[in-house]
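# A structural walkthrough
Here are the chains, one letter per residue:
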Amino acid sequence: MNFSYVLCFVGLVVVTWLIWQWNRGAQRRRFRKAFPLQNPAWQDEDDAFLEAFEVAYRLKPGMAQSLSMDATPMSVYLVLYPEHCIYDDCEPARFRAALTAHLGPQSDDVLTTPLGVLAERWRTASERSRA
């Protein structure tokens with residue numbers, strides 16, 4: 001194998017990683033700007049729901065605590081991916097899958113339902129499973 005091919009491949013990997021890191025940092029800055037403060041309305045029982053949301057939306061642990069209970073999953077998605085981005089369905093699909101696994105099939109569109117309502121459903125399902 002020619003050394004120049006290896007060098008080009010390594011350079012491509014490094015540049016790709018740098019672009020990915022820059023994009024993740026931009027998403028986190030947009031998130032912190034849109035949801036700047038901790039929201040005291042979340043209860044300790046909501047931690048499992050917020051953790052599932054963080055995993056689905058690839059947020060750092062604890063970032064979901066700053067979300068408003070009136071925010072919707074789609075509004076958070078649109079903060080992470082503004083209008084000039086190419087949209088995919090990864091985060092909403094992971095979130096729907098987590099909700100379906102915990103709550104069962106949902107009849108309404110969970111992406112436009114406020115997070116406070118979804119957290120209440122999550123809490124209720126957790127309480128029923130313990131009983």
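Before reading further, recall that the structure is shown in the block above.
Residues numbered from 1 in each chain as written. Predicted model: local features only at pLDDT ≥ 70, side-chain atom pairs only at ≥ 80, totals over all residues. Heavy atoms only, no water.

The grouping of Asp44, Glu45, Asp47 and Glu51 at the surface amounts to a negative patch. Locating Glu51 in the fold gives a position in helix α2 (residues 47-57). (Patch = residues over 30% accessible without salt bridge, like charges linked within 9 Å, V, L, I, M, F, W, Y side chains within 5 Å. Areas by Shrake-Rupley, 256 points an atom, 1.4 Å probe, with all protein chains shown as cover. Salt bridge = Lys/Arg side-chain N within 4 Å of Asp/Glu carboxyl O. Lys, Arg positive; Asp, Glu negative; His and termini not counted. Charge placed at Lys NZ, Arg CZ, Asp CG, Glu CD. Helix = DSSP H or I, 4+ residues; strand = E, 2+ residues; numbered from the N terminus.)

Another aspect to go through is the side chain of Arg123. Within the secondary structure layout, Arg123 lies in helix α5 (residues 115-130). Look at Arg123 and you get buried, because its relative accessible area is 10%. For Arg123, the side chain forms a polar contact with the side chain of Asp46, separated by 2.2 Å. (Buried < 20%, exposed > 50% of the residue type's maximum accessible area, 1.4 Å probe, protein only. Polar contact = N/O pair within 3.5 Å; in protein donor to acceptor, adjacent residues only side chain to side chain.)

All right, on to unusual backbone geometry then. The residue Arg58 is not glycine, and still its phi comes out positive at about 55°. In this fold, Arg58 is placed in the loop between α2 and α3 (73-80).

Moving on, we come to the side chain of Ser66. Mapped onto the elements, Ser66 comes out in the loop between α2 and α3. On the basis of relative accessibility, which here comes to 10%, the residue Ser66 falls in the buried class. A polar contact of 3.3 Å, which involves the side chain of Ser66, links it to the backbone oxygen of Phe35.

Let's shift gears to a nonpolar patch on the surface. A surface patch of nonpolar side chains, about 770 Å² in accessible area, is lined by Val6, Phe9, Val10, Val13, Val14, Trp17, Leu18 and Trp20. Here Val6 lies in helix α1 (residues 3-34).

Buried within α2 are the following residues: Phe49, Leu50, Ala52, Phe53, Glu54, Ala56 and Tyr57. Backbone geometry just after α2 places Arg58 at a positive phi near 55°.

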